[in-house]
Each structure stands twice: as C-alpha cells, then as structure tokens.
Amino acid sequence: MEFHYVPKHASWLNMVEIEIGVLRSQCLDRRIATKTQIESEIAAWERQRNAAAARIKWMFTTDKARTKIGRAYPTPTFKES
C-alpha cells in the first residue's frame, strides 16, 4: 500500500474514502495475521473488484457544488474576443 498526499478539497477524495470503506467491509473485516497475508488478500480483492468493473455512482454534480459551496466552484465567465 502506498500513501499519496493530495488536496483535501477535491471531490474525488470522497470517492477514495468510499472505496477504502468497501475494502474494509469486504476484505479487512477480520483479523489478518501477517503482512504477506494482508497483501495477498488485498490483491485478490482488487483483482475481483477490477474484474467486476466496480464503479461509484457520484451524485454530487457541479451545479449542486455551486449551490452548496459556491466560492469553491465559481460559475465560469466567458469573454467574447
């Protein structure tokens, strides 16, 4: 497992948190004795997840974001040349 430090304000971070929650509930919900075993379990879970083409249905649209936190998602202005 590698850790990548990224901006906390990005909405994709929520998707990462959801996926980690799925990993925890589907794979890591029990005692795993060794580092080798946990790596193997996570790799098997990842292969299954990718084979199933698992997706997260993201419901937070740009319009909803602008309504909720408009300063972070300003409406673009287009200038005519």
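Details of the structure are given in the entry above.
Residues numbered from 1 in each chain as written. Predicted model: local features only at pLDDT ≥ 70, side-chain atom pairs only at ≥ 80, totals over all residues. Heavy atoms only, no water.

Caption draft 1: Expanded view of the environment of Thr62. If you trace the backbone, Thr62 turns up in helix 3 (residues 62–68). A sequence separation of 13 residues divides Thr62 from Thr75, and the C-alpha atoms of the two residues are 9.5 Å apart. (Helix = DSSP H or I, 4+ residues; strand = E, 2+ residues; numbered from the N terminus.)

Caption draft 2: Structural detail: the environment of Arg49. Summarising the element assignment, Arg49 is placed in helix 2 (residues 35–51). Along the primary structure Arg49 and Leu23 are separated by 26 residues, whereas in three dimensions their C-alpha atoms are 9.5 Å apart. Excluding anything up to four places from it in sequence, Arg49 contacts Glu19, Val22, Gln26 and Ala54. (Contact = heavy atoms within 4.5 Å.)

Caption draft 3: Representation of helix 2. Spanning 17 residues, helix 2 covers 24 Å between terminal C-alpha atoms, matching the ideal 24 Å at 1.5 Å per step. Remark: Ala53 follows helix 2 within two positions and exhibits a positive phi of approximately 50°. (Expected span 1.5 Å × (residues − 1).)

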